[in-house]
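# Residue-level structure breakdown
Chain by chain, the residues:
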Amino acid sequence: MKLLKDKIQKLAQIKDGDVLKVDMFLNHQIDTKLLDAMADEFIRRFKGKKFTKILTIETSGIAIAYPVAQKLGLPLVFAKKQNSVNIDGEMFSAKVISYTHFREFNVIVSTKYLNDKDNVLIIDDFLANGSALRGLLSICQQAGAKVDGIGIAIEKHFQKGGTELREQGYEIESLAIIDEIDEKSNKIVFHE
Ligand code: 5GP
């Protein structure tokens, strides 16, 4: 998606550990016009699918998933991050390794908000090694829900998550796919 790629090229900063900082339009300050256009693009790419729910993970996924859910007239469920391992029986839960914080945490979704009749579209901001997505996929599996599509704002293709999950048969649509980043020169190469 050209609009998003232009924004990344112009504003994103590359940090240590192959982290792309997009605080100025996605992760801290939010460019609402851009996110509205991104939602239209996700909807265009998944046209014809009959989703019942949008699922994302707090915090940054929510702003991206919200306009998609709103335009499709669907509920948006976000997995909550929970530090405690004491989770009561009414939650689906999964472990996720945080790419940016180098720690493991639990994500939880109440059993009230996901079930075996759901056809889910998962949305998230970044795809790197795929741990966040695997957590969300595990939660859908526990609920018996079908995952019919995954929409990602920025996929770092040089990390293994996207390739592995596509090999497992998941339909992933990423609006900007990055092949290479270089911290020293702040160079960002997009996948053609
Ligand atoms: P994964 O679980 O696929 O390794 O990483 C995806 C998650 O880590 C996303 O939910 C996102 O919050 C965070 N993340 C991974 N890479 C980046 C990055 O380059 N920049 C930012 N801002 N977040 C990232």
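Residues numbered from 1 in each chain as written. Predicted model: local features only at pLDDT ≥ 70, side-chain atom pairs only at ≥ 80, totals over all residues. Heavy atoms only, no water.

## Here's the deal with the sheet that holds strand β8 (residues 146-156)
Strand order in the open sheet formed by eight strands is β5-β6-β4-β3-β7-β8-β9-β10, and the pairing between neighbours is mixed. Each of the sheet's edge strands pairs with one partner strand only, and the pair in question is β5 (91-97) and β10 (187-190). When strand polarity is set aside, the average angle formed by the axes of neighbouring strands in this sheet is 30 degrees. Of the strands in this sheet, β7 (119-127), β8 and β9 (172-182) touch helix α3 (residues 32-45), which is tilted by about 120 degrees from β9. (Pairing = 2+ DSSP bridges. Helix = DSSP H or I, 4+ residues; strand = E, 2+ residues; numbered from the N terminus. Axes fitted to C-alpha atoms, helices over the stretch in contact; angles between N-to-C directions. Contact = heavy atoms within 4.5 Å.)

## Brief notes about unusual backbone geometry
Backbone torsion omega between Glu58 and Thr59 reads 5 degrees, so that peptide bond is classified as cis. Among the secondary structure elements, Thr59 is positioned in the loop between β3 (53-57) and α4 (60-72). Backbone geometry places Phe102, a non-glycine residue, at a positive phi of 55 degrees. Among the secondary structure elements, Phe102 is positioned in the loop between β5 and β6 (104-110).

## Some points on the pattern of salt bridges
Counted by the stated rule, this structure contains 16 salt bridges. The salt bridge partner of Arg45 is Glu41, with a shortest N-O separation of 2.8 Å. Residue Arg45 and its partner Glu41 are located together in helix α3, separated by four residues, close to a single helical turn. According to the relative accessible area criterion, Arg45 is partly exposed, its value standing at 24%. Look at Glu41 and you get buried, because its relative accessible area is 14%. Among the ionic pairs, Lys49 bridges to Asp148, the shortest N-O distance being 3.3 Å. With Lys49 in the loop between α3 and β3 and Asp148 in strand β8, this pair connects stretches of sequence that are 99 residues apart. For Lys49, a relative accessible area of 26% translates into the label partly exposed. What you see here is one network of salt bridges that share partners, running through Glu41, Arg44, Arg45 and Glu173. (Salt bridge = Lys/Arg side-chain N within 4 Å of Asp/Glu carboxyl O. Buried < 20%, exposed > 50% of the residue type's maximum accessible area, 1.4 Å probe, protein only.)

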